[in-house]
Amino acid sequence: MKRLLLFFVLLTCLETSLQAQDYLPQDYSIILGGGLALPSVEGNRNDFFSKNGNQVGYDLMAEGRYYLVPSFALGLQYDYLRIAHTPDKMHLHYLRPNIIFRQLWNNGNQGAFLSFGIGYMSYQERTYKRGAQSGHRFQRGYCGISLGVGYEFRITRKLSGMLRVDMLTADWFANPDARLYNTDGYDDGIDHSWFKNNVTFFNLGFAVQFGR
């Protein structure tokens, strides 16, 4: 009888311990995912998009988060974007730290988050003229800014899913001499503002999240 009672006590403690972990990660997590990359280009200011328009590509992403509290985390995120329209192609690497705000409900099994990031963005493209064997290569680094929103849901004890939208943009066409206006008063028809985010990417995707 004592052994049976002890067995039920241990079983109850084990069940309570398992139930206590039935929620989205609240200490740390690793996130891996991908999806569609949708560019939004204003004007013909870029060789690749000037030739090919707003072509759809793909995005691969990885993120690590450390939760200070369940509703606030610090993270580090990397995105790789690639868009091609044969033979032209472009790709982008973007690495940045994030701050994440999150709201949980349904006993911590569901949540929504908002993230902000600023970091280094490396853009590369290669475009070809008709019949040419070698293409023109352009590469440049930028200070990138990102905004992300998403919905999280628990799948298993240590695995959860994530639907997310990330917007990436940068100071693509900074005025090289930093003029905010024409000092001589002459209007040359050129926008001399310092920040002109003429190229923006919207990444729509799904990710899986591991953690506790």
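Here goes a summary of the coordinates provided.

Considering the overall build of the protein chain
Scanning the protein chain for helices and strands turns up two helices and eight strands. Moving toward the C terminus, one meets the helices and strands of the protein chain in the order α-β-α-β-β-β-β-β-β-β. Counting only contacts in the protein chain whose residues sit at least 6 apart along the sequence, the fraction spanning at least 24 positions is 65%. Roughly 12400 Å² of accessible area belongs to the protein chain as shown, and the carbon and sulfur atoms make up 62% of that amount.

Quick word on the pattern of salt bridges
Following the criterion strictly, the structure yields eight salt bridges and no others. Where Asp88 meets Lys51, a salt bridge forms, and the shortest distance between an N and an O atom there is 2.9 Å. Of the two residues, Asp88 is situated in strand S4 (residues 88–105) and Lys51 in helix H2 (residues 47–52); the sequence distance between them amounts to 37 residues. Look at Lys51 and you get partly exposed, because its relative accessible area is 45%.

Comments concerning unusual backbone geometry
In this structure, the amide linkage connecting Thr86 to the following residue, Pro87, adopts the cis form with an omega of 5°. Looking at the secondary structure, you find Pro87 in the loop between strand S3 (72–85) and S4. Despite not being glycine, Asn106 has its phi angle at roughly 55°, a positive value. Position of Asn106 among the secondary structure elements: in the loop between S4 and strand S5 (110–127). At Asn107, a position not held by glycine, the phi torsion is positive, near 60°. Looking at the element boundaries, Asn107 is found in the loop between S4 and S5. Classification of Asn107 as exposed rests on a relative accessible area of 69%.

Some remarks on the nonpolar core
Nonpolar side chains tend toward joint burial in soluble globular proteins. Counting 17 residues, the largest nonpolar core has Phe49, Met90, Leu92, Met121, Tyr123, Trp172 and Phe201 as its most contacted members. Listed by contribution, the elements that provide at least two residues to this core are strand S1 (28–41), H2, S3, S4, S5, strand S7 (159–170) and strand S8 (199–211). Here this core gets three residues from one element, more than from any other, and that element is S4. By size, the runner-up hydrophobic cluster in this structure holds eight residues, among which are Tyr67, Ala73, Ile100 and Phe113.

About the thresholds
Residues numbered from 1 in each chain as written. Predicted model: local features only at pLDDT ≥ 70, side-chain atom pairs only at ≥ 80, totals over all residues. Heavy atoms only, no water. Helix = DSSP H or I, 4+ residues; strand = E, 2+ residues; numbered from the N terminus. Contact = heavy atoms within 4.5 Å. Areas by Shrake-Rupley, 256 points an atom, 1.4 Å probe, with all protein chains shown as cover. Salt bridge = Lys/Arg side-chain N within 4 Å of Asp/Glu carboxyl O. Buried < 20%, exposed > 50% of the residue type's maximum accessible area, 1.4 Å probe, protein only. Core = buried A, V, L, I, M, F, W, Y, C linked by side-chain atoms within 4.5 Å.

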